[in-house]
Amino acid sequence: MQRAEQRDEVEMLAMMLLIRRFEERASQQYQARKIGGFCHLYIGQEAVVVGAVAAVRNDDYIITAYRDHGHALARGTSADACMAELFGKETGCSRGLGGSMHFFDKQNHMYGGHAIVGAHVPLAAGMAFASKYRGEDRVTLCFFGDGAINQGSFHEALNLIALYKLPIVLICENNLFAMGTSVKRSTSLKQIVDRADGYDIPGEIVDGMNFREVRDKLAEVVGSIRKDPHPAFVEIRTYRYRGHSMSDPASYRTKDELEKYRLDDPIIRLRAQLTREGKLTNEQFDAIDKKAKETVLASVKFAEKSGELPVEQLYEYGCYNGSKQ
Amino acid sequence: MREITYRQALNEALAEELERDPNVFLMGEEVAEYQGAYKVSQGLLERFGPTRIIDTPISENGFAGLGVGAAMVGLRPIIEFMTFSFSLVAFDQVVNNAPNMFMMSGGQFNVPITFRGPNGPAHQLGATHSHATENLYASVPGLKVCTPATPRDAKGLLKTAVRDDNPVLVLEAELLYSSKGMVEPPDEELLIPLGKAEVKREGSDVSIICYAQTVPLALTVAAQLEDEDISAEVVDLRSIKPLDEEAIFNSVSKTHRVVIVEQDRAFCGVGAEICYRIQKNIFDELDAPVSRVSQEDVPVPYNEKLEKFVLPNADKLIAAVKQVCYA
């Protein structure tokens, strides 16, 4: 087992950069119409998933909503497989059958990519239920946005999770907006973490622009759950720099607000911390960034030259051992 | 063979599958301490304990989704809906999550889950508690739907459903829980494949295609018609999806006349699909237009007389048979 503090912070910074560069390139490829459907970018929120992944074991279960590119990359899914999925290619992490909102990677314990808001929280409950049923000490990390907390499935799942004392961390990535509706306009509570109170689940608020704070808080919570299965709720306050999806210019918020968060950028922040502590030089940072850009550029080439699933194989994916009925 | 009730047959199926595979668990409202709203899970809590026989709060969407998540990581949940009328509260999990996962994940995650419980109009329960859901669910790619009408089929189909690696809905017949029938002894493994119909009564003049609660109706009517020199063949579909086309075509090719008696509504109902397939594939075998007996196209009323009128009944079925036989 790899303990949180042993994960190299420079490597984690490199992962955050990879996600940032991947999303920038995805945006460009979307505009070039290489990517179809909806595309939701994770730019600005990188420290949330990278901090969380740094705090858990590779075999812990991770599940999230539709803004999922960062979660797959942080879990170890290759940029090639992620970009190919966006391109709808057979080499994609879901063979081109899921698309942007449905990234899956069983090998890396990434259980999706779920696009109905709140509907994956019961699934996460089931995964945590299975761990407890089998007597394993795995912990499930369930990510969702601030928009999910008013959905019925979320509330039903939280009650079941608390009732059955399931080993799960409920991670609300509060980026202040559910599509174009601010939390203030959607939620009766002053702070989201108070939702957990209604289910007797302990809750914490974490600064999602601070990698170290996310990692350390998650490590503490996960460690406690591993010893004795129980749920926990963490509201991670973050911000997405882009609109809800590629088609959203985000005119419902001010430039000043965006600038305020940009100045608090999670990548710049961790870079500054590491530089100050003598763990990272400017040259090293530039080299990491260059590598991230190259990896992403290569993923576009990989996706472009990959093939599509042949029509003849379609019904094999209709169901397990499937054939046309 | 011995005679047991439909309810006992389901109970045996659950017990045998729980015994066979430690990954199987039963979850739902009142399944454990209350012994099941319809007593299908009687005795299972005592035998298998609270880890595997699990009571839930009234949260269909929540526990149906919990089942799907548990199935994604290798357990084999049996999720009981107190009635499939309540499954509509969990529609998103049954329709959007369970059957979509395999395709969406590029074949990485299959969902071996069984959703089961009573389905179809019972007796004076009013519109909200009287839904026949088979046509809703059978129209969803990735879901399998079976509708046992006898204790033997109930046991054999439920056991097969639990072992299937995909989501399967076992739509039990609410009015038939206390009905009796001959079933193999417990020491003989009874598995009935999905997608295999059974001729419940041989006949030569007309094929009555039926399933679930319309099977006993069809058998009663067939016996009555014998007195009028009409020999009716009763084909019990047993599964709605996959659909046993071959059995339907074989029977119709023999009798050349068909009445479909379905539990659900005519509009976009199960019968519409069967009708299409018959005319598409064996048009020349037909000596009369295909006829259907279905629910009337209104929410099911509480009033007993009106409810009887809305549901398929013997009078309507006899009239339909005589019409296709030009009798």
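> In this structure, what is going on with the overall build of chain B? I would like to understand it.
Along the backbone of chain B there are 13 helices and 14 strands. For chain B, whose C-alpha radius of gyration is 19 Å, the value lies close to the compact-globule estimate of 20 Å for 327 residues. Out of the 327 residues belonging to chain B, those deemed buried represent 58%. When contacts within chain B are restricted to residue pairs at least 6 apart in sequence, those whose partners lie at least 24 apart make up 79%.

> I tried to follow the domain arrangement of chain B on my own but got confused; where do I start?
Residue and element names in this part refer to chain B. Split into domains, chain B comes out as domain 1 (2-183) and domain 2 (198-324). Taken together, the 23 residues of domain 1 in the interface contact 23 residues of domain 2. Mapped onto the side of domain 1 that touches domain 2, the elements with two or more residues apiece are α7 (134-138), β6 (144-146), α8 (151-163) and β7 (168-173). Here the side of domain 1 that touches domain 2 is composed, by residue class, of 14 nonpolar, 6 polar and 3 charged.

> Can you walk me through the environment of Asn159(A) in this structure?
Following the sequence through the fold, Asn159(A) ends up in helix α6 (residues 152-163). Owing to 19 C-beta atoms within 10 Å, Asn159(A) belongs among the partly exposed residues under this scheme. C-alpha of Asn159(A) to C-alpha of Gln107(A): the two residues are 52 residues apart in sequence and 30 Å apart in space. Setting aside chain neighbours within four positions, we find Asn159(A) in contact with Tyr199(A), Pro57(B), Ser59(B) and Gly62(B).

> Help me understand the interface of chain B and chain A in this model?
How big an interface is tends to be reported as the loss of accessible area on association of its parts. Taken together, the contact between chain B and chain A spans 35 residues of the former and 34 residues of the latter. The residue makeup of the side of chain B that touches chain A, split by class, is 14 nonpolar, 18 polar and 3 charged.

> Looking at this structure, I do not really get the sheet that holds strand β14 (residues 291-295) of chain B. What am I missing?
Strand pairs in the sheet, formed through backbone hydrogen bonds, run parallel or antiparallel to each other. Residue and element names in this part refer to chain B. Across the sheet, which stays open at both edges, the 5 strands sit in the order β9-β11-β10-β13-β14 with mixed pairing between neighbours. Two strands bound the open sheet, and with one partner strand each, they are β9 (198-201) and β14. The sheet shows a mean angle of 25 degrees between the axes of neighbouring strands, direction not considered. Judged from the 4 bridges that link them, strand β13 (residues 258-265) and β14 form a sheet pairing that is parallel.

> For this particular structure, what's the right way to read the environment of Tyr38(B)?
Summarising the element assignment, Tyr38(B) is placed in the loop between β2 (24-28) and α2 (44-48). For Tyr38(B), the residues in contact, after removing those within four places along its chain, are Arg7(B), Pro118(B) and Tyr177(B).

> Help me understand the confidence of the model for chain A, please; the structure alone is not making it clear to me.
Detailed reading of the predicted coordinates is not advisable wherever pLDDT falls low. Predicted confidence across chain A gives a mean pLDDT of 94, with 97% of residues reaching 70 or more. Counted against residues more than four places away or in other chains, residues 1-5 of chain A, with its pLDDT under 50, gives 7 contacts.

> Sorry, what's going on with the sheet that holds strand β4 (residues 168-174) of chain A here?
All names here are of chain A. Spatial ordering of the open sheet is given by β2-β1-β3-β4-β8-β7, a layout of 6 strands whose pairing is parallel. Of all strands in the sheet, those bounded by a partner on one side alone are β2 (110-113) and β7 (203-207). If you compare each strand with its neighbour and ignore which way they point, the axes differ by 15 degrees on average. By the bridge criterion, 6 bridges tie strand β3 (residues 140-145) to β4 in an arrangement that is parallel. Residue pairing in the sheet places Gly145 in a bridge with Glu173 of β4. Against the sheet, helix α5 (residues 120-134) touches β1 (61-64), β2, β3 and β4, its axis set at about 170 degrees to β3.

> Explain the nonpolar core here, please?
The nonpolar side chains of a soluble globular protein tend to be buried, and buried together. Counting 199 residues, the largest nonpolar core has Met127(A), Val169(A), Ile208(B), Val259(B) and Val321(B) as its most contacted members. Residue contributions to this core peak at 11 residues, all from helix α1 (residues 9-31) of chain A. Both domain 1 (2-183) and domain 2 (198-324) of chain B contribute no fewer than three residues apiece to this core. Not counting chain neighbours up to four residues away, the residues in contact with Val321(B) comprise Val206(B), Ile208(B), Leu225(B), Ile230(B), Ala232(B) and Val259(B).

> Please explain the confidence of the model for chain B as it appears in this structure.
Taken over all residues, the pLDDT of chain B has a mean of 97, while the share at 70 or more is 100%. This complex was scored by the predictor with a pTM of 0.96 and an ipTM of 0.95.

> Just to check I follow, could you spell out the packing of α5(A) against helix α3 (residues 60-72) of chain B for this structure?
Any two packed helices are characterised by the angle at which their axes cross and by the distance between the axes. Contact geometry for α5(A) and α3(B): axes closest at 6 Å, N-to-C directions at 55 degrees. Comparing the axis directions of α5(A) and α3(B) gives the class oblique. Considering the relative orientation of α5(A) and α3(B), their crossing is right-handed. For the pair α5(A) and α3(B), the contacting residues are Pro122(A), Leu123(A), Ala124(A), Ala125(A), Gly126(A), Met127(A), Phe129(A) and Ala130(A) in the first and Asn61(B), Gly62(B), Gly65(B), Leu66(B), Gly67(B), Val68(B), Gly69(B), Ala70(B) and Met72(B) in the second.

> Just checking my understanding: could you explain helix α9 (residues 214-226) of chain B for this structure?
An α-helix turns once every 3.6 residues. As a result, residues three or four positions apart point the same way. Residues and elements named next belong to chain B. With 13 residues, α9 should reach 18 Å at 1.5 Å per residue; the first-to-last C-alpha distance of 18 Å fits that figure. Three or more residues of α9 are buried, namely Thr214, Val215, Leu217, Ala218, Val221, Ala222 and Leu225. One side of α9 holds all its buried residues, which, seen down the axis, span an arc of 155 degrees.

What counts, and at which threshold
- Residues numbered from 1 in each chain as written.
- Chains lettered and ligands numbered in written order.
- Predicted model: local features only at pLDDT ≥ 70, side-chain atom pairs only at ≥ 80, totals over all residues.
- Helix = DSSP H or I, 4+ residues; strand = E, 2+ residues; numbered from the N terminus.
- Rg over C-alpha atoms; globule rule 2.2 N^0.38 Å.
- Buried ≥ 20, exposed ≤ 12 C-beta atoms within 10 Å, placed from the backbone.
- Contact = placed C-beta atoms within 7 Å.
- Domains from an automatic or database assignment.
- Nonpolar A, V, L, I, M, F, W, Y, C, P; charged D, E, K, R; others polar.
- Pairing = 2+ DSSP bridges.
- Axes fitted to C-alpha atoms, helices over the stretch in contact; angles between N-to-C directions.
- pLDDT = per-residue confidence, 0-100.
- Core = buried A, V, L, I, M, F, W, Y, C linked by C-beta atoms within 7 Å.
- Parallel < 35°, antiparallel > 145°, perpendicular 65-115°, else oblique.
- Left-handed = near helix turned anticlockwise from the far one by under 90°.
- Expected span 1.5 Å × (residues − 1).
- Arc of directions from axis to C-beta.

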